[in-house]
Amino acid sequence: MLSRTASDLYWMSRYLERAENLARMLDISYSLSLMPQDGRGDGLHELAMPLLITGTLDDYLERHGELHAERLLHFFALDAANPASIYSCLGAARASAHAVRGRITADMWENINATWLEIRGIAEQGLSRYGMSRFCEWIKERSHLFRGASYGTIMRNDAFRFIRLGTFIERADNTLRLLDARYEMAGDQAEAVSDGTAHAYYQWSALLRALSSFEAYTEIYRDAPGARHVAELLLLRADVPRSLRACTEEIDQILAQLPGANGRPAQRLAAEMDARLRYTGIHEILEEGLHAWLTEFIPLVRQLGNAIHSSYLEAA
Amino acid sequence: MIRTYFDEMYDAGGQVRPHYREFARWLAETPDELLAQRRREADLLFHRAGITFTLYGDEQGTERLIPFDTIPRSIPASEWRVVERGCIQRVKALNMFLADLYHEQRIIKAGIIPAEQVLANEQYQLAMQGLDLHRDIYSHISGVDLVRDGDGTYYVLEDNLRTPSGVSYMLEDRKMMMRLFPELFAAQRIAPIDHYPNLLLDTLKSSSPIDNPSVVVLTPGRFNSAFFEHAFLAREMGVELVEGADLFVRDDKVFMRTTDGPKAVDVIYRRLDDAFLDPLAFNPESMLGVPGLLSSYRSGNVVLANAIGTGVADDKSVYPFVTDMIRFYLDEEPILKNVPTWQCRNPSELSHVLANLPELVVKETQGSGGYGMLVGPAATAAEIEAFRARIIAKPHAYIAQPTLSLSTCPTFVENGIAPRHIDLRPFVLSGRETRVVPGGLTRVALREGSLVVNSSQGGGTKDTWVVED
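Looking up chain B in an unreviewed UniProt entry gives the name Circularly permuted type 2 ATP-grasp protein, with the organism given as Pseudomonas laurylsulfatiphila.

Under an unreviewed UniProt entry, the name given to chain A is DUF403 domain-containing protein, and the source organism is Pseudomonas laurylsulfativorans.

A. Structural view of the overall build of chain A. Counting its regular elements, chain A contains 16 helices and zero strands. Scaling as 2.2 N^0.38, a compact globule of 316 residues should have a C-alpha radius of gyration of about 20 Å, and chain A matches this with 20 Å. With the C-alpha coordinates of chain A rotated into their principal frame, the extents come out at 55 × 50 × 35 Å. The proportion of buried residues among the 316 residues of chain A is 49%. In chain A, once contacts between residues fewer than 6 apart in sequence are set aside, the share between residues at least 24 apart is 69%.

B. Geometry of the overall build of chain B. Scanning chain B for helices and strands turns up 14 helices and 23 strands. Taken along its principal axes, the extent of the C-alpha atoms in chain B is 65 × 60 × 45 Å. Residues counted as buried form 46% of the 469 residues belonging to chain B. The long-range share in chain B, meaning contacts at least 24 apart out of those at least 6 apart in sequence, stands at 70%.

C. Region of interest: the environment of Pro-220 of chain B. Residues and elements named next belong to chain B. Looking at the element boundaries, Pro-220 is found in the loop between β6 (215-218) and α9 (227-237). Take Pro-220: there are 22 C-beta atoms within 10 Å of it, and that puts it in the buried class. In this structure the C-alpha to C-alpha distance between Pro-220 and Arg-271, which are 51 residues apart in sequence, comes to 7.0 Å. Ignoring anything within four residues of it in the chain, the contact list for Pro-220 reads Arg-271, Leu-272, Phe-276 and Leu-288.

D. Here's a closer look at the interface of chain A and chain B. In this complex, chain A contributes 21 residues to the contact, which on the side of chain B involves 20 residues. Those elements that provide at least two residues to the side of chain A that touches chain B are α1 (3-33), α5 (86-99) and α6 (106-125) of chain A. Sorting elements by how many residues they give to the side of chain A that touches chain B places α6 of chain A first, with five residues.

E. Region of the structure containing the pairing of strand β4 (residues 141-148) of chain B. Residues and elements named next belong to chain B. Summarising burial for β4: eight of the eight residues are buried, a large majority. Here β4 shows a buried face lined by Ile-141, Gly-143, Asp-145 and Val-147 and a second buried face lined by Ser-142, Val-144, Leu-146 and Arg-148. In the sheet, β4 pairs with strand β5 (residues 154-160) via six bridges, with the strands oriented antiparallel. From the neighbouring strand, Gly-143 faces β5, where its bridge partner is Asn-160. Taken together, β4 and the strand that follows it, β5, pair antiparallel across an intervening segment of five residues, in which Gly-152 is found at a positive phi of about 90°.

F. Up close: unusual backbone geometry. Cis geometry is found at the peptide bond from Ala-305 of chain B to Asn-306 of chain B, where omega equals -5°. Checked against the element boundaries, Asn-306 of chain B lands in the loop between β12 (303-305) and α11 (311-314). Backbone geometry at Ser-212 of chain A places phi at a positive 50°, although glycine is not the residue there. Structurally, Ser-212 of chain A can be placed in the loop between α10 (198-210) and α11 (214-221). Of note, the phi angle at Asp-251 of chain B is positive, near 50°, even though the residue is not glycine.

G. Here's a closer look at the domain arrangement of chain A. All names here are of chain A. Each assigned domain of chain A is listed here: domain 1 (1-154) and domain 2 (156-316). Listed by partner, the interface residues are 27 residues for domain 1 and 27 residues for domain 2. When residues of the side of domain 1 that touches domain 2 are traced back to their parent elements, those giving at least two are α1 and α2 (44-54). Considering every element that reaches the side of domain 1 that touches domain 2, the biggest residue donor is α1, with 18 residues. Among the residues forming the side of domain 1 that touches domain 2, the class breakdown is 14 nonpolar, six polar and seven charged.

Procedures and definitions
- Residues numbered from 1 in each chain as written.
- Chains lettered and ligands numbered in written order.
- Predicted model: local features only at pLDDT ≥ 70, side-chain atom pairs only at ≥ 80, totals over all residues.
- Helix = DSSP H or I, 4+ residues; strand = E, 2+ residues; numbered from the N terminus.
- Rg over C-alpha atoms; globule rule 2.2 N^0.38 Å.
- Buried ≥ 20, exposed ≤ 12 C-beta atoms within 10 Å, placed from the backbone.
- Contact = placed C-beta atoms within 7 Å.
- Pairing = 2+ DSSP bridges.
- Domains from an automatic or database assignment.
- Nonpolar A, V, L, I, M, F, W, Y, C, P; charged D, E, K, R; others polar.

Okay, structure coming up:
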């Protein structure tokens with residue numbers, strides 16, 4: 001496959017996954033901002049979270065000065081001038097798909113193109129008219145639909161592999177950042193054995209719901225959500241599809257199937273990451289400190305992304 | 001001046017022509033709301049599928065839909081067979097002309113075409129002189145633009161031998177019609193066209209002496225107006241769609257950069273003009289091409305379809321000689337007529353043109369896409385005078401033709417159905433044999449009275465049927 005084609009496929013699915021993850025972030029912050037804040041401000045702090053996680057808060061402040069609920073939401077979701085907005089991600093995904101529309105199926109292309117046309121319509125009417133929760137649901141739905149169209153129609157060849165590679169790299173990064181941010185928000189109670197406060201409960205359950213893992217959690221632990229179990233679930237459980245371990249396992253397998261000798265550095269990195277997670281217990285992570293551990297792991301994912309780039313996407 | 005138009009559907013007495021009877025019956029029986037709803041559905045589907053083109057000169061690079069009209073253009077099979085033979089004959093002669101021009105130049109020596117007409121032409125490529133091409137084919141993919149005058153006679157308006165486009169619309173229009181109105185296809189025998197990509201791939205493969213060569217489509221990129229078509233054809237043929245930067249030349253051979261290392265390329269279906277192909281040989285500013293491509297091509301290591309330098313044969317100043325070419329190379333009478341043409345480079349013809357501007361169509365010899373032309377009867381006096389000055393300043397850059405009345409076809413317009421002018425572009429494939437899929441692309445001028453069908457000038461398209469009679 002052409003390196004440029006592989007690159008466009010990879011970024012198409014990365015941007016789509018990113019758009020979905022941004023919607024998940026937004027969803028959780030929006031619903032938490034509506035809760036009583038126990039003297040923690042007026043919910044604006046919570047609404048600013050997604051921007052903090054994605055490193056776009058400074059851009060926002062530069063443009064809009066102060067925190068303002070409606071402007072925050074617009075900036076994060078629909079602002080075409082913000083390259084990190086959901087709108088811009090969908091635009092970038094659609095541009096990549098457009099460049100390789102000959103390599104994806106008509107079902108996939110029409111799906112991503114329709115999504116792009118629709119979000120432009122939504123941007124015209126504005127978020128408050130469309131409805132915040134409805135918008136987040138819609139983004140997730142479009143992402144599900146695209147994934148379904150991909151699974152259901154595209155040949156199991158390298159194109160398929162690069163599409164999935166983009167998805168899991170992006171998802172791994174997102175899960176790490178979300179967990180880190182919520183851990184920080186849960187504050188002092190995060191380390192408590194029972195995490196028995198209402199505040200921590202809402203933080204953790206919102207995170208689990210945002211990552212569609214609430215049902216998995218209750219089934220596995222049959223317990224109110226707390227730091228230890230949530231971290232174990234989202235970092236180490238291979239059977240939870242948005243967990244870090246599930247992502248590294250997929251990435252490791254996909255890279256092993258890609259042709260050519262030039263992929264060795266990326267393959268080695270992925271295998272190392274996967275092995276490390278496989279043979280780590282949650283107590284070891286907590287001993288090191290969750291925040292410290294996450295801070296160490298996030299650059300590894302970025303390094304893997306770079307290795308994929310130099311191995312396949314800029315090759316020859 | 002009153003003009004009589006030939007209407008494809010109705011004869012002079014207002015009766016439906018035989019090959020449209022089935023359709024007319026269906027149209028009368030189908031409720032208006034249903035038709036309107038299907039037209040909206042078609043718009044939505046085209047939009048979703050992203051079947052669009054990009055308009056040049058539009059800063060935002062907006063993607064536009066080409067308006068699609070749901071009333072088909074229908075041609076009786078017996079009539080089509082003549083058109084088909086005429087197109088094949090014409091393209092064969094044009095390919096022989098190109099081979100001759102870049103070798104012995106017998107046609108010049110025979111005094112049929114003046115040497116300066118071709119050798120001084122910008123489109124004549126010195127790099128092609130003496131180069132032998134497989135099967136002597138230069139234009140593998142050709143588009144022949146046809147129009148019909150008041151009495152229904154077919155005329156060739158121009159030949160397109162460089163990178164003719166529009167075939168994806170031909171195929172998509174058919175797909176759309178079959179989806180919206182399957183009952184029409186059940187009721188009569190309409191010749192299928194879906195196998196075009198197959199024939200194209202076969203043509204491209206047969207352009208190389210290698211067994212099972214590796215074929216790619218070379219596009220200028222996603223911002224090109226015809227990008228949709230490039231991607232469409234690559235996908236339909238199952239070959240790579242490459243941009244210049246995806247290719248490189250090493251040891252005079254062409255390779256593409258893949259995730260698995262370099263892969264050899266044997267045939268390039270290029271949708272890039274000559275001038276952009278190779279920055280080392282042509283336009284050094286071009287970022288779209290492949291450095292070293294010309295040298296590889298001249299060594300016979302890669303096939304370009306179409307060949308470099310075909311533009312000299314579809315130039316409007318060479319057009320008047322095509323009928324003579326057919327007689328000269330094939331020793332046959334031309335089946336399709338040329339539109340009578342005055343060449344402004346000849347002083348006697350120039351004075352005739354200048355004296356009759358309000359009646360004529362004047363075109364730039366290098367122009368295409370409906371840009372830079374004057375339609376005398378539709379122009380204001382000021383426009384005519386402005387054009388007169390341009391012709392006098394550069395007479396060799398213009399030709400003139402009588403204003404053909406162009407046949408009409410019923411078309412959905414704002415207030416129901418009305419006749420609109422149309423043309424026809426069949427696509428001719430030259431390989432082991434010369435073939436045409438039945439019909440072609442019908443373009444329609446949607447503005448009332450307009451004779452300009454180009455999509456860049458507000459033209460639309462129709463499905464084109466060859467109906468068994």
